[in-house]
Amino acid sequence: MAVHVLRASQVIPAGLEACWAFFSDPGNLRKLTPPALDLTLCAEPPPGIYPGLMIQYRVRPLFGVPVTWLTEITQVRPLEYFSDEQRVGPYAIWHHEHFFTALEGGRTEVRDLVHYALPFGWVGDLFHPLLVEPQLKEIFAFREKAIAGHFGTA
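Residues numbered from 1 in each chain as written. Predicted model: local features only at pLDDT ≥ 70, side-chain atom pairs only at ≥ 80, totals over all residues. Heavy atoms only, no water.

Caption draft 1: Layout of the overall build of the chain. The secondary structure content of the chain amounts to 3 helices and 7 strands. When the elements of the chain are put in sequence order from the N terminus, they spell out β-α-β-β-β-β-β-β-α-α. Here the C-alpha coordinates of the chain stretch approximately 50 × 30 × 25 Å along the principal axes. Across the 154 residues in the chain, those meeting the buried criterion constitute 41%. (Helix = DSSP H or I, 4+ residues; strand = E, 2+ residues; numbered from the N terminus. Buried < 20%, exposed > 50% of the residue type's maximum accessible area, 1.4 Å probe, protein only.)

Encoded structure:
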């Protein structure tokens, strides 16, 4: 089983507090997910994250087939960092770290670091370059545009 890495970075023309408020609100996950994935939260989450928070939702990542995904927020350092891990879902491993850095001029850099592995060992890895990697790139491209739109830079 190969462990893959996805990195993304975006400079947002908003202060650290505003960026943290947006990203640490689990309800905004819908805004950051392409409509084609049909993300549906199974229960309304609280307005803020905390270690141990479990968020359950359904997505349709491939061929319209619904998949339940359960995420746990594992670490939180307000205004700096949080991480989430898939507990139930389509990946064998999914560990997503979010980093926030205040920049000059009231801007904030948001960086994502995702480590993930596919199920089914080498058979699952055959699908990585064909289906999974392109879809993840598409999701993060959508996310970048949604963030720019939310913060008024699109």
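Caption draft 2: Expanded view of the pairing of strand S6 (residues 93–103). When strand S5 (residues 81–88) meets S6, the two strands line up antiparallel, connected through 5 bridges. Its bridge partner lying in S6, Glu-85 is registered against His-95. Hairpin connection of S5 to S6: 4 residues between the antiparallel strands, including Gly-89 at a positive phi of 160°. Across 11 bridges, the pairing between S6 and strand S7 (residues 107–117) is antiparallel. The partner of Leu-103 across the bridge, within S7, is Arg-107. Joining the antiparallel neighbours S6 and S7 is a turn of 3 residues, in which Gly-105 adopts a positive phi near 75°. (Pairing = 2+ DSSP bridges.)

Caption draft 3: Highlighting helix H1 (residues 16–23). All of the buried residues in H1 are Leu-16, Cys-19, Trp-20, Phe-22 and Phe-23. Down the axis of H1, the sector holding all buried residues measures 165°, keeping them to one side. Tucked inside the fold, the buried residues of H1 contact strand S1 (3–12), strand S4 (65–77), S5, S6, S7 and helix H3 (128–150). (Arc of directions from axis to C-beta. Contact = heavy atoms within 4.5 Å.)

Caption draft 4: Representation of the sheet that holds S4 in the model. Strands sit in the order S1-S7-S6-S5-S4-S3-S2 across an open sheet of 7 strands; the sheet is antiparallel. Each end of this open sheet is capped by a strand with a single partner; those strands are S1 and strand S2 (40–41). Each of S1, strand S3 (54–62), S6 and S7 is contacted by H3, which is oriented at about 15° to S1, the strand it contacts most. (Axes fitted to C-alpha atoms, helices over the stretch in contact; angles between N-to-C directions.)

Caption draft 5: Expanded view of H3. The end-to-end C-alpha distance of H3, which contains 23 residues, comes to 31 Å, matching closely the 33 Å that a straight helix rising 1.5 Å per residue would cover. The inward-facing, buried residues of H3 abut S1, H1, S6, S7 and helix H2 (121–126). Where H3 ends, the next residue or the one after it, Gly-152, has phi of about 75°, a positive value. (Expected span 1.5 Å × (residues − 1).)

Caption draft 6: Quick look at a nonpolar patch on the surface. Residues Phe-120, Trp-122, Val-123, Leu-126 and Phe-127 make up a contiguous nonpolar surface patch of roughly 620 Å² in combined accessible area. Turning to its location among the elements, Phe-127 is positioned in the loop between H2 and H3. (Patch = residues over 30% accessible without salt bridge, like charges linked within 9 Å, V, L, I, M, F, W, Y side chains within 5 Å. Areas by Shrake-Rupley, 256 points an atom, 1.4 Å probe, with all protein chains shown as cover. Salt bridge = Lys/Arg side-chain N within 4 Å of Asp/Glu carboxyl O.)

Caption draft 7: Looking closely at the nonpolar core. Residues Ile-12, Phe-23, Tyr-91, Tyr-116 and Leu-136 are the most contacted members of the largest nonpolar core, which totals 34 residues. Every element with two or more residues in this core is listed here: S1, H1, S3, S4, S6, S7 and H3. Looking at this core, the element that brings in the most residues is H3, giving 6 residues. Excluding its chain neighbours within four sequence positions, the residues that come into contact with Phe-23 are Ile-12, Leu-32, Phe-82, Phe-100, Val-110, Arg-143 and Ile-147. (Core = buried A, V, L, I, M, F, W, Y, C linked by side-chain atoms within 4.5 Å.)

Caption draft 8: Region of the structure containing the side chain of Asp-84. With respect to the secondary-structure elements, Asp-84 resides in strand S5. Notably, Asp-84 is buried but unbridged: the nearest opposite-charge side chain belongs to Arg-143, and the N-O separation is 7.8 Å. Reaching out from Asp-84, the side chain makes a polar contact with the side chain of His-98 at a distance of 2.8 Å. In this view, Asp-84 contacts Thr-71, Glu-72, Ile-73, Thr-74, Trp-94, His-95, His-96 and His-98; residues no more than four positions away in its chain are not counted. (Lys, Arg positive; Asp, Glu negative; His and termini not counted. Polar contact = N/O pair within 3.5 Å; in protein donor to acceptor, adjacent residues only side chain to side chain.)

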